[in-house]
Amino acid sequence: MPVAVVLIIGSIFVSVYLAAFHAPKPHHLPVAVVGTTQQYGYAAAGLEKGIPGGFDVKWYSHEADARAAVEDRKVYAAYVAHTKGAPTLLYAGANGPSVTSTVTGAFTAVAQASGHALVQKDIVPAPAGDSRSMSVFYAAFGVVLAGFLFGMMTYQMAPRLEFRWRMASLASFSVLGGVVVAMLAGSLGFGALTGSFVGIVGIVALMAAAVGGATMAFMRLFGAAGMSLASVVLLTLGNSTSGGTLPAAYLPGWLRPLSEILPVGVGVRAVQGLSHFHNDGLTGAIVILTGWIVLCVGVIYWRDIHTPRRKAAV
């Protein structure tokens, strides 16, 4: 049985990560074109020819609006087609080198086809402490791993702990985890996550509580099998779709929706938004992570308190 379980989990891990990252390419990645309708059509056709289905091209009439869209991460780049002279590409280096390579390569081809060299401007650069924009992925991976281990160990080491004390320990772990991650990755540590210290503490704490609570709920619902299920859902599917290495637009269609509902995906987007993109994803993360926590606490309460009382009454 241990051999079978480990091989199944390992096979799922390898399959999911290979499916997500063996040959990543964008699928309807939002980008913008500024110019006339003719220039927009020409650029959109060039992008479709280069990477079929790769981009969702939006039209803006003013450069300022397109710049704001890049800064808010409504789009990942903006191609400004001037009536005279070379076109300009506005992009956000904070999205990571893979996204930068994708958009600069695609729009360079569009500009060259019109006989121009492309002028590139990084308007949201990655901080010096996170030059590859990977720190949020490693921080989130650590939070998910810690939350999984906490949820598993709390029942292994203290199976008879009262519900109120179990919830107090979950809250303590979450808050302290948020503080530790914010101190290590923020301005007090490596300077990788440049957002508000309080904001990062809050989002990381919610993410830790959601993952820890979900692991506990899996174990209370499915017993020993819950640990394996939690590892697949939270560690494998969660981290592979987090958006910490590549945006969700690079994922296969069957994996993409998970980045919008699993705790790590919404948490990563919110931390990136706090650090670089005017709080992009923050509201959604608070709502979804809170929903995870409430649901999981409800399941644990039902199993730890409500069910035993019903059995006693019978």
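Data block above holds the structure.
Residues numbered from 1 in each chain as written. Predicted model: local features only at pLDDT ≥ 70, side-chain atom pairs only at ≥ 80, totals over all residues. Heavy atoms only, no water.

## Focus on the sheet that holds strand β5 (residues 119-122)
The strand order across the open sheet formed by five strands is β2-β1-β3-β4-β5, and the pairing between neighbours is mixed. Bordering the open sheet on either side are β2 (55-60) and β5, each of which pairs with just one other strand. When strand polarity is set aside, the average angle formed by the axes of neighbouring strands in this sheet is 20°. Packed onto the sheet, helix α2 (residues 37-50) meets β1 (29-34), β2 and β3 (77-80) and runs at close to 170° relative to β2. Packing against the sheet, helix α4 (residues 97-113) makes contact with β1, β2, β3, β4 (88-91) and β5, and its axis sits at approximately 165° to β4. (Pairing = 2+ DSSP bridges. Helix = DSSP H or I, 4+ residues; strand = E, 2+ residues; numbered from the N terminus. Axes fitted to C-alpha atoms, helices over the stretch in contact; angles between N-to-C directions. Contact = heavy atoms within 4.5 Å.)

## So, the pattern of salt bridges
The final tally for this structure, using the stated rule, is six salt bridges. Lysine 58 serves as the salt-bridge partner of aspartate 56, at 3.4 Å between the closest nitrogen and oxygen. Its relative accessible area of 31% is what places lysine 58 among the partly exposed residues. In the salt-bridge network here, residues are joined through shared partners; they are Arg73, Arg269 and Asp280. (Salt bridge = Lys/Arg side-chain N within 4 Å of Asp/Glu carboxyl O. Buried < 20%, exposed > 50% of the residue type's maximum accessible area, 1.4 Å probe, protein only.)

## Here we look at the side chain of arginine 73
By secondary structure assignment, the location of arginine 73 is in the loop between α3 (63-71) and β3. Within the local environment of arginine 73, its side chain forms a polar contact with the side chain of aspartate 280, the two groups lying 3.1 Å apart. With sequence-adjacent residues up to four places away left out, arginine 73 is seen in contact with Asn95, Arg269, Gln272, Gly273, Phe277 and Asp280. (Polar contact = N/O pair within 3.5 Å; in protein donor to acceptor, adjacent residues only side chain to side chain.)

## As for a nonpolar patch on the surface
Residues Phe141, Leu145, Leu149, Met153 and Met157 make up a contiguous nonpolar surface patch of roughly 440 Å² in combined accessible area. Along the chain, leucine 149 turns up in helix α5 (residues 135-157). (Patch = residues over 30% accessible without salt bridge, like charges linked within 9 Å, V, L, I, M, F, W, Y side chains within 5 Å. Areas by Shrake-Rupley, 256 points an atom, 1.4 Å probe, with all protein chains shown as cover.)

## Some words on the nonpolar core
Counting 47 residues, the largest nonpolar core has Met216 and Ile300 as the members making the most contacts within it. Contributing elements (two or more residues each) for this core: α5, α6 (163-185), α7 (197-222), α8 (224-240), α9 (263-275) and α10 (282-313). Ranked by the residues each element gives to this core, the list is headed by α7, at 14 residues. Each residue touching isoleucine 300, except ones within four places of it in the same chain, is listed here: Tyr155, Phe163, Met167, Gly213, Met216, Ala217 and Ile305. Judged by nonpolar contacts, the second largest core, of 24 residues, contains Phe55, Tyr91, Ala106 and Ala111. (Core = buried A, V, L, I, M, F, W, Y, C linked by side-chain atoms within 4.5 Å.)

## Thoughts on the side chain of serine 133
The topology assignment puts serine 133 in the loop between β5 and α5. Looking at serine 133, its side chain comes within polar contact range of the main-chain oxygen of alanine 94, at 3.2 Å.

## Digging into the packing of α5 against α9
Across the interface, α5 lies against α9 with an axial gap of 10 Å and an inter-helix angle of 140°. In this view, α5 runs oblique relative to α9, as classed from their interaxial angle. Where α5 crosses over α9, the two elements pack in a sense that is right-handed. Seen from α5, the contacting residues are Val136, Ala140 and Val144; seen from α9, they are Val264, Val268, Val271 and Gln272. Here the residues of the contact of α5 with α9 are counted per class, giving six nonpolar, one polar and no charged. (Parallel < 35°, antiparallel > 145°, perpendicular 65-115°, else oblique. Left-handed = near helix turned anticlockwise from the far one by under 90°. Nonpolar A, V, L, I, M, F, W, Y, C, P; charged D, E, K, R; others polar.)

## Digging into the packing of aromatic side chains
Taken as a whole and judged by the stated rule, the model has nine aromatic pairs. Between phenylalanine 150 and phenylalanine 173, the ring centres sit 4.7 Å apart and the planes meet at 5°, which makes this aromatic pair stacked. Within this pair, whereas phenylalanine 150 is found in helix α5, its partner phenylalanine 173 is found in helix α6, the two being separated by 23 residues in sequence. A relative accessible area of 17% places phenylalanine 150 in the buried class. (Phe/Tyr/Trp six-rings, centres within 6.5 Å; stacked < 30°, edge-to-face > 60°.)

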